[in-house]
Amino acid sequence: MTTTARAHTNIALIKYWGKRDEKLILPYTSSVSLTLDDFYTDTTVQFDPHLMADQFTLNGRPQSPDKISAFLDIVRAQAHSAQFAHVASVNHVPTAAGLASSASAYAALALAASREAGLQLAPRDLSRLARRGSGSASRSVFGGLAIWHRGDSDLTSFAEALPETKLPLRMVVVMVDAGQKKVSSRRLMANTVATSPYYPAWVKDNERAAGDMVKALAAADFTRIGELTEQSSARMHAAIFASDPAFTYFQPATLTVWHAVQTLRAQGVPAYATMDAGPNVKILTLAPAVAAVKAALPEFKDRLLVAGPGRAAKVLEEAQ
Ligand code: ADP
Ligand code: DP6
Ligand code: CO
């Protein structure tokens, strides 16, 4: 048997940044995200009684299996299995560039591996499993809008879908630099927690913002949704900048985009910037404003992608 699953990336409107339990990946705050249609990972898993170790290829190239093996150990324990697996994954998203490849990767792996191991996990349990691979992956189990409740244990920290919005949300992704980041999200967030004097303030503010975002989404109040989105990202990057050693993912072109977004807003265009662990900027806007947003970024015109809400993770194929 082999099982192939597809999961889409998601971009957090309210960010996850910092773990209070690094092994279980329990976050300090809840987070809220939009799953994107254009970026995804396809992963095929095959357990094989003849294998002596897990085998892993990414985009056709062999990789060290260490990280996925630790994750597969959780699946094996749940399924009472000792078999190793062939895992072949293809990213339709730049890897480790701050476009959430770890989110689509571990949501796809969680679904393909659990199904292949004979488990039929409910969405909440699949989210809890994906969380163990990468925190942001807990949200990529779901399509559209999702909230990851921070919880206080393995059982209570999971994501779930939020009601669909009638707003035509779009993310204009500006590829400032599609190269791999030099500092992983995992390492940098641990350092922010450990050394940034602004981190406790960020936790308090961001948890409040998660609740406010749920209300703003329910009210379809795009101005409020945009303001909360931009603030959560800006405040996360402020906490990162204040770490020891001081660090920022911003590149000069990143700031150019932020300024363009501010100018757009001053002209009455609904556009708000958000960034993850990398220099690329995502502009949250509404479908009718996409053309105006693109027109404001002529120097990036070959590096713009427009994404809309994506679907939930799903099994593509189960073959003998
Ligand atoms: P990103 O911003 O892309 O999420 P992260 O630093 O969070 O960057 O995660 C990147 C890491 O995620 C990679 O170094 C790799 O370990 C893992 N990863 C990315 N894509 C895959 C994949 N398709 N399958 C398994 N692991 C993956
Ligand atoms: C800035 O989920 O990549 O994108 O849990 O260590 O794998 P690990 O980190 P990861 O962190 C994502 C951070 C973020 C914000 C977000 O997606 O909420
Ligand atoms: Co990631």
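Residues numbered from 1 in each chain as written. Chains lettered and ligands numbered in written order. Predicted model: local features only at pLDDT ≥ 70, side-chain atom pairs only at ≥ 80, totals over all residues. Heavy atoms only, no water.

For the protein, an unreviewed UniProt entry supplies the name diphosphomevalonate decarboxylase and the organism Lacticaseibacillus camelliae DSM 22697 = JCM 13995. The UniProt entry for the protein carries the following text under Sequence similarities (unreviewed entry): "Belongs to the diphosphomevalonate decarboxylase family." (UniProt positions renumbered as here; feature names shortened; annotations may be inferred.)

Chemist: What should I look at first to understand the overall build of the protein in this one?
Modeler: Helix and strand counts for the protein come out as nine helices and 14 strands. In terms of C-alpha radius of gyration, the protein reaches 19 Å, essentially the compact-globule figure of 20 Å for 320 residues. Overall, the protein is about 65 × 40 × 35 Å in size when its C-alpha atoms are taken along their principal axes. A total of 320 residues make up the protein; the buried ones form 52% of that total. Approximately 13,600 Å² of the protein is accessible, and the part contributed by carbon and sulfur atoms is 55%. (Helix = DSSP H or I, 4+ residues; strand = E, 2+ residues; numbered from the N terminus. Rg over C-alpha atoms; globule rule 2.2 N^0.38 Å. Buried < 20%, exposed > 50% of the residue type's maximum accessible area, 1.4 Å probe, protein only. Areas by Shrake-Rupley, 256 points an atom, 1.4 Å probe, with all protein chains shown as cover.)

Chemist: Looking at this model, I keep getting lost on helix α5 (residues 185-195). Mind explaining?
Modeler: Of the residues making up α5, those classed as buried are L188, M189 and T192. Seen along its axis, α5 keeps its buried residues to an arc of 100°; they face one direction. Those residues of α5 that are exposed and aimed more than 90 degrees away from the buried face are R187 and A194. Among the structural elements, β2 (19-21), α6 (199-218) and α7 (222-241) are those in contact with the buried residues of α5. (Arc of directions from axis to C-beta. Contact = heavy atoms within 4.5 Å.)

Chemist: Is there a simple way to explain the site of ligand 2 in this structure?
Modeler: The local shell around ligand 2 holds 17 residues, among which Y16, K19, S134, G135 and S136 are the closest. In this structure, S134 approaches ligand 2 through a side-chain N or O atom, which is 2.6 Å from an oxygen atom. S136 has a polar side-chain atom sitting 2.7 Å from an oxygen atom of ligand 2. In isolation ligand 2 exposes 460 Å². Once the protein is present, 94% of that is buried. Placement of ligand 2 is best described as lying within the largest pocket. When residues in the shell around ligand 2 are grouped by element, the largest group, three residues, is from α5. Taken together, the residues of the shell around ligand 2 break down into seven nonpolar, five polar and five charged. (Near = heavy atom within 4 Å. Polar contact = N/O pair within 3.5 Å; in protein donor to acceptor, adjacent residues only side chain to side chain. 1 Å grid on protein atoms, 1.4 Å probe; cavity = no way out; pocket = protein on both sides within 12 Å on 5 of 7 lines; lining within 4 Å. Sits in = over half its atoms within 2 Å of the grid points. Nonpolar A, V, L, I, M, F, W, Y, C, P; charged D, E, K, R; others polar.)

Chemist: Just checking my understanding: could you explain the sheet that holds strand β12 (residues 281-286) for this structure?
Modeler: One key point about sheets: their strands pair by backbone hydrogen bonds, in either a parallel or an antiparallel sense. Ordered in space as β11-β12-β10-β13, the four strands form an open sheet in which the pairing is antiparallel. A single partner strand is all that each edge strand has here, and the edge strands are β11 (271-275) and β13 (304-307). For this sheet, the mean angle separating the axes of adjacent strands, direction not counted, is 25°. Each of β10 (169-174), β11 and β12 touches α7; the most contacted strand, β11, lies at about 30° to it. Lying over the sheet, helix α8 (residues 252-266) contacts β10, β11 and β12, oriented at roughly 155° with respect to β11. (Pairing = 2+ DSSP bridges. Axes fitted to C-alpha atoms, helices over the stretch in contact; angles between N-to-C directions.)

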